[in-house]
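Remarks on the overall topology
Okay, here's what each chain looks like letter by letter:
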There are 2 protein chains.
Amino acid sequence: MVNQREIFLRQAIDLAVDNVRRGLGGPFGALVVKGGEVIATGTNQVTGSNDPTAHAEVVAIRAACQKIGLFQLDGCEIYTSCEPCPMCLGAIYWARVKAFYFAANKDDAARGQFDDSFIYSELNKAIEGRTIPGYRLLAEEGFRPFDEWLKSQSKVPY
Amino acid sequence: MVNQREIFLRQAIDLAVDNVRRGLGGPFGALVVKGGEVIATGTNQVTGSNDPTAHAEVVAIRAACQKIGLFQLDGCEIYTSCEPCPMCLGAIYWARVKAFYFAANKDDAARGQFDDSFIYSELNKAIEGRTIPGYRLLAEEGFRPFDEWLKSQSKVPY
């Protein structure tokens, strides 16, 4: 029996392999699917486009949103050759897709010389004690933008 | 005594307030600083540009990389009006900046009606049991792109 999900996921894997062969970026590919149809694809373009955020999932989400003219992807699924890193997982939440499917996991990514697993482990440390530390300043003033937001009559929530 | 870090961070907060007043997007602003100079700024453009990944930090990182023509921001610092969400924190790691500074935290963001804290809490759940679940398929085939990557002679690692 044909498994449509495996067919989509294999397509994402093929995009990833092809991206390496063509020297365009890292070994990652992704699709956005809605109602059984591929509405956008993405491949890793970090080195090719000088954009550290151009991971396959981010590229595919951005392309899908441009295509449908919306800032969310309600009802869509994502198929990605590798388990999303924290950045891409965050993007998946903000895009509000329904679910995602992946083949390789973050341990495979580590064997492939990528930092996904390392970044996940950093999230469990105190923010000031991480390899890239974060420091909080001006805590009081920091709420000013939210005050402005909460009182805005013309805001578009997301 | 003038605290240069507070001056940069206040500039990020001002960008965030201005972004709401001008109706361009959410209440977030960020700067990329290198050697004491602002090399790029970013504001939230999610709703204005139909791009759920266009958070202030991501926009600033992309702009800084385009400006310097590199896919990493070694030696740079990020100043952001609010603690980075998991997507932006991931972007910060991939950009390999030195450190970041923030004013509001994820609890403030929750009071401002944003999901940052919720997404962080999702990361602690099993991947299949999250609000947006992830499912692994084709685990064996999933390593094909990394095989291709590891044997590639022309790859640009990042």
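Preceding block: the structure.
Summarised in this report is the structure supplied together with it. (Residues numbered from 1 in each chain as written. Chains lettered and ligands numbered in written order. Predicted model: local features only at pLDDT ≥ 70, side-chain atom pairs only at ≥ 80, totals over all residues. Heavy atoms only, no water.)

1. Digging into the pattern of salt bridges
What counts, and what does not: For this analysis, a salt bridge means a side-chain nitrogen from Lys or Arg found within 4 Å of a carboxyl oxygen belonging to Asp or Glu. Here the term buried applies to any residue with accessible area under 20% of the maximum for its type, exposed to any over 50%, and partly exposed to those in between, with areas from a 1.4 Å probe on protein chains only.
Throughout the structure, instances matching the rule amount to 23 salt bridges over all chains. As a salt-bridge pair, Asp 18 of chain A and Arg 22 of chain A come within 3.2 Å of each other at their nearest N and O atoms. When its relative accessible area of 33% is taken as the criterion, Asp 18 of chain A is described as partly exposed. Note on Arg 22 of chain A: relative accessible area 56%, which makes it exposed. Each member of the salt-bridge network shares a partner with another, and the members are Asp 51 and Arg 62 of chain A together with Asp 51 and Arg 62 of chain B.

2. Here we look at empty space enclosed by the protein
All names here are of chain B. Applicable threshold: Note on definitions: the grid is 1 Å and covers protein atoms alone; a cavity is a set of points where a 1.4 Å probe fits but cannot get out; a pocket is an open set with protein on both sides within 12 Å along at least five of seven lines; lining residues have an atom within 4 Å of a point. Grid points are joined across faces, edges and corners, and a volume is the space filled by probe spheres set on the points. Helix and strand assignments follow DSSP, with helices taken as H or I runs no shorter than four residues and strands as E runs no shorter than two, numbered in order from the N terminus.
Summed over the entire model, instances satisfying the criterion amount to two cavities of 30 Å³ or more. Taken together, 14 residues make up the lining of the largest cavity; nearest its centre are Phe 28, His 55, Glu 57, Cys 85 and Asp 116. Among the elements of the structure, helix H3 (56-68) and strand E3 (77-82) are those that each provide at least two residues to the lining of the largest cavity. There is about 80 Å³ of room inside the second largest cavity.

3. A word on the relation of the copies chain A and chain B
Test applied: The atoms used to superpose the copies are C-alpha atoms, taken from residues with pLDDT of at least 70 in both, and the fit is least squares. Any two residues whose heavy atoms approach within 4.5 Å at even a single point are treated as in contact.
The transform that puts chain A on chain B rotates by 180° and translates by 0.0 Å along the axis, for an RMSD of 0.0 Å. On this basis, the relationship between the two copies can be described by a two-fold rotation axis. Residue Met 87 of chain A, judged by its C-alpha, is the member of chain A lying nearest the rotation axis, at 1.8 Å. Looking at the interface residues of chain A, 100% of them are also at the interface in chain B, so both copies use one shared face.

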